[in-house]
Amino acid sequence: MSRSIRSPYHEALVPQPSNDLFLRACRRGPTERTPVWFMRQAGRYQREYQALRKRFGILEICRTPELATQVTLLPVRQLGVDAAILFSDIVVPIAAMGIDVRIEEGRGPLVDEPLRTSSDVGRLRPLEPERDVPFVLEAVRMSVRELNVPLIGFAGAPFTLASYLVEGGPSRTFTRTKALMFEDPAAWRNLMQRLGAAVLAYARAQVEAGASAVQVFDSWVGALGPEDYREQVLPFVRPIFEGLAGLGVPLIHFGVGTSELLELMRDAGADVVGVDWRIPLDRARERLGPGVAVQGNLDPAVLLAPWDVLERRVRDVLLRAGDRPGHVFNLGHGVLPETAPGTLRRVTELVHEASARQRVEAP
Ligand code: 1CP
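Everything numeric here is computed off the predicted structure, so don't read it as measured data. (Residues numbered from 1 in each chain as written. Predicted model: local features only at pLDDT ≥ 70, side-chain atom pairs only at ≥ 80, totals over all residues. Heavy atoms only, no water.)

Draft legend 1. Quick peek at the packing of helix α16 (residues 307-321) against helix α17 (residues 341-361). Between α16 and α17, the shortest axis-to-axis distance is 10 Å and the interhelical angle comes to 45 degrees. Compared by their axis directions, α16 and α17 come out oblique. Crossing geometry of α16 relative to α17 is assigned as right-handed. For the pair α16 and α17, the contacting residues are Trp 307, Leu 310, Glu 311, Val 314, Arg 315, Leu 318 and Leu 319 in the first and Thr 343, Arg 346, Val 347, Leu 350, Val 351, Ala 354, Ser 355 and Gln 358 in the second. When the residues that make up the contact of α16 with α17 are grouped by side-chain class, the tally is nine nonpolar, three polar and three charged. (Axes fitted to C-alpha atoms, helices over the stretch in contact; angles between N-to-C directions. Helix = DSSP H or I, 4+ residues; strand = E, 2+ residues; numbered from the N terminus. Parallel < 35°, antiparallel > 145°, perpendicular 65-115°, else oblique. Left-handed = near helix turned anticlockwise from the far one by under 90°. Contact = heavy atoms within 4.5 Å. Nonpolar A, V, L, I, M, F, W, Y, C, P; charged D, E, K, R; others polar.)

Draft legend 2. View of the site of the ligand. Around the ligand, the surrounding shell holds 23 residues, and the nearest of these are Tyr 49, Arg 53, Tyr 164, Ser 219 and His 333. Take Gln 41: an N or O atom from its main chain is 3.1 Å from an oxygen atom of the ligand. At 2.3 Å, a side-chain N or O of Tyr 164 approaches an oxygen atom of the ligand. The protein chains hide 90% of the 880 Å² of surface that the ligand would expose on its own. Going through the elements one at a time, α3 (47-55) and β3 (108-111) are the ones with two or more residues in the shell around the ligand. Classifying every residue of the shell around the ligand gives 13 nonpolar, five polar and five charged. (Near = heavy atom within 4 Å. Polar contact = N/O pair within 3.5 Å; in protein donor to acceptor, adjacent residues only side chain to side chain. Areas by Shrake-Rupley, 256 points an atom, 1.4 Å probe, with all protein chains shown as cover.)

Draft legend 3. Broad picture of the pairing of strand β8 (residues 293-298). Across the six residues of β8, six count as buried, placing the element largely inside the fold. With three bridges joining them, strand β7 (residues 272-274) and β8 adopt parallel strand pairing. Within β8, the residue paired with Gly 274 across the bridge is Gln 295. Taking the sense of rotation as the criterion, the β-α-β connection linking β7, helix α15 (residues 281-288) and β8 turns out right-handed. In this structure, β8 lies alongside strand β9 (residues 327-331), joined through five bridges in parallel fashion. Opposite Gln 295, over in β9, you have Val 328 as the bridge partner. (Buried < 20%, exposed > 50% of the residue type's maximum accessible area, 1.4 Å probe, protein only. Pairing = 2+ DSSP bridges. Right-handed = clockwise from strand over helix to strand, strands pointing away.)

Draft legend 4. Highlighting helix α11 (residues 175-183). Listing the buried residues of α11 in full gives Thr 177, Leu 180 and Met 181. Around the axis of α11, the buried residues are gathered within 100 degrees of arc, so they sit on the same side. (Arc of directions from axis to C-beta.)

Draft legend 5. Inspection of the nonpolar core at higher detail. Ranked by internal contacts, the top residues of the largest apolar core, which has 132 residues, are Phe 22, Phe 38, Leu 191 and Phe 329. If sequence neighbours within four positions are ignored, Leu 191 has contacts with Leu 115, Val 121, Leu 124, Ala 162, Leu 165, Val 166 and Leu 180. (Core = buried A, V, L, I, M, F, W, Y, C linked by side-chain atoms within 4.5 Å.)

Written out as structure tokens, the structure is:
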């Protein structure tokens, strides 16, 4: 029997999804088949999303609960996935903390007045979710009412958020972010602490509004080596997972290019570690040990390959995940805009079928 670690508090307050495969896999309980969802399962590869984006800006969608809900539900119906992720963006809480941030088509989040000094960091106000981002919490409530699968709430992690705030936009080298870290440790600590407190409050509020799980996206933390991760990031991420642990919902910790950081990320305290395609999944499970579940890790570009290649690679991920419970199938990063929606549906069906058969045939 699988033991439920969900808190009665959460169960009593919010409607529960009828399909709980994803939650059971996150808790390393047995499942009759492997659950699937896709990072960026709502987005530009969908015609319906593109049509909506012609009429509304992305932050406008994020700030309008009816629209955010509509986009959140779209892939669940189209693809048959086992979890929904709230449609929003990691910069939504940042904007609510007093920072002028916009999202530019084809580029990403831009901050015109980046934070580069101690006094700049002071511009970042504490986040009070009910006051500052009520529309996000309303979108969570509305989505949960419509869904029969768990809703994943999410937040950017302090390092990844800091990278946009310090660089002023997307970066490949994270030069200014690392410079601040090394040149002004007090300002760095102050920035990471403020972001950590905001992430904790924001994620907690989403769970209280009805999210059944939380994913913390540290997308760009793979830019750091293990020593800098341990000293400059881990101390600010651990309190987030500690603070959320009592809520009784599964916590997922994801990053890109983090093969050498996996054990440290595990030590931050999440229930599930998300891995990208740069490490084979069996190797990732070996490094992480039996105490956490894994999520991943098909290369999103393989969704553009001919079906026979794609099928082989999906089966390979399932075989490498092995017979031990605790695998959530996903990509190693977000769906690319060039992806055909029909392909995602076909992959979902393949994972369901092949993993169910793998269970039956296991010795
Ligand atoms: O206008 C658009 O439609 C542009 C594309 C887009 C979308 C669909 C952006 C701009 N944000 C989003 C929504 C979004 N962002 C979601 C919900 C969709 C879903 O998962 O189904 C999520 C989870 C995010 C989170 C996000 N935003 C992350 C972490 C996840 C990841 O992909 O690594 C990051 C790093 C961002 C920043 C961001 N926002 C948008 C872009 C293009 C970027 C990346 C820019 C960069 O390269 O730095």
